[in-house]
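Chain residues, written in single-letter form:
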Amino acid sequence: QVQLVESGGGLVEPGGSLRLSCTASGKIISINVMGWYRQAPGKQRELVATITNIGDTNYADSVKGRFTIFRDSAKDTVYLQMDSLKPEDTAVYYCNARVWALGRDRWEDFWGQGTQVTVSS
């Protein structure tokens, strides 16, 4: 019904940069919040950053000043610009979107399949 497709992960050295992108498609009436979460091996999934449909943002303390979330609402796409990457940023990054889909009667959360980010020298 609604699909989220991520891209942009990979291997980068400490101090490097990556940009993740996530595009939503399907029977979408409206998208409220979009965001990025991550899960490192042996750890729980955690919030990285979110952005509302009016541009309000929220960041985890661990990424403030290094990561920037932004979206192109016309393309139903959210981005995560990651700078000054650290080894502890290594994780699978998941895109999330709160969507009102055609034929539904409430907001629902959808997830992407995840993209691996590895920060290592």
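Before any of the text, the structure's been laid out above.
Starting from 1, residues in each chain are numbered consecutively following that chain's sequence as written. Given that the model is predicted, a residue must reach a pLDDT of at least 70 before its local features are reported, and side-chain atom pairs must reach 80 or more before they are shown or counted; all residues, however, enter totals for whole chains, interfaces and linings. Note that water and hydrogens are dropped before the side-chain values are worked out from all heavy atoms of the structure.

Visitor: What's the story with the packing of aromatic side chains in this structure? I'm lost.
Guide: For any pair of aromatic rings, the description consists of the separation of the ring centres together with the inter-plane angle of the planes. Pairing of aromatic side chains here covers Phe, Tyr and the six-membered ring of Trp, requires ring centres within 6.5 Å, and sorts the geometry by plane angle: under 30 degrees stacked, over 60 edge-to-face, intermediate tilted. This structure, assessed with the given rule, holds 3 aromatic pairs. Each ring, one from Y37 and one from W111, has its centre 5.1 Å from the other, and the planes form 65°; the classification is edge-to-face. With a gap of 74 residues between them, Y37 in strand β4 (residues 28-39) and W111 in strand β10 (residues 108-111) connect regions that are remote in the sequence. Here the term buried applies to any residue with accessible area under 20% of the maximum for its type, exposed to any over 50%, and partly exposed to those in between, with areas from a 1.4 Å probe on protein chains only. Classification of Y37 by relative accessible area gives buried; the value is 19%. Residue class for W111 comes out partly exposed when judged on its relative accessible area of 39%. Lysine and arginine charges are scored as sitting over a ring when NZ or CZ, respectively, is within 6 Å of the ring centre and within 35 degrees of the ring normal. The aromatic ring of Y94 is capped on one face by R45, whose charged end is 3.8 Å from the ring centroid. The secondary structure listing takes helices from DSSP runs of H or I that are at least 4 residues long and strands from runs of E that are at least 2 residues long, numbered from the N terminus.

Visitor: What exactly am I supposed to notice about the environment of Q116 here?
Guide: When you line up the elements, Q116 lands in strand β11 (residues 115-119). Once the C-alpha coordinates of Q116 and T90 are considered, the two residues, 26 residues apart in sequence, prove to be 7.8 Å apart. Residue contacts for Q116: discarding those within four places in its chain leaves G9, G10, T90, A91 and V92. Within the local environment of Q116, its side chain forms a polar contact with the backbone oxygen of A91, the two atoms lying 3.4 Å apart. At a separation of 3.3 Å, a polar atom in the side chain of Q116 contacts the side chain of T118. Contact definition: two residues touch when any of their heavy atoms are within 4.5 Å. Polar contacts here mean pairs of N or O atoms no more than 3.5 Å apart (in protein, one a potential hydrogen donor and the other a potential acceptor; neighbouring residues in sequence count only if both atoms are side-chain atoms).

Visitor: What is the right way to read the sheet that holds strand β3 (residues 18-26) from this model?
Guide: The strands making up a sheet are joined through hydrogen bonds of the backbone, oriented either antiparallel or parallel. One bridge is not enough; two strands pair if DSSP finds at least two bridges between them. Pairing within the open sheet is antiparallel, and its 4 strands lie in the order β1-β3-β8-β7. Both edges of this open sheet fall to β1 (2-7) and β7 (67-72), since each of them pairs with a single strand only. Across the sheet, the axes of successive neighbouring strands diverge by a mean angle of 15°, strand direction being ignored. Pairing of β1 with β3, which is carried by 6 bridges, proceeds in the antiparallel orientation. Residue pairing for β3: E6 is matched across the bridge by C22. Axis angles are defined between N-to-C directions and span 0 to 180 degrees, where every axis is a line fitted to C-alpha atoms and, for a helix, only to the segment in contact.

Visitor: Would you explain the pairing of strand β5 (residues 46-51) in this entry?
Guide: Moving residue by residue along a regular strand, the side chains alternate between the two faces of the sheet. Pairing of β4 with β5 involves 5 bridges; the strand directions are antiparallel. Looking at the pairing, Y37 lines up with L47 of β5. If you look at the hairpin formed by β4 and β5, you'll find 6 residues sitting between the two strands, and G42 has a positive phi there, around 75°. Pairing analysis gives 3 bridges linking β5 to strand β6 (residues 57-59), with the strands arranged antiparallel.

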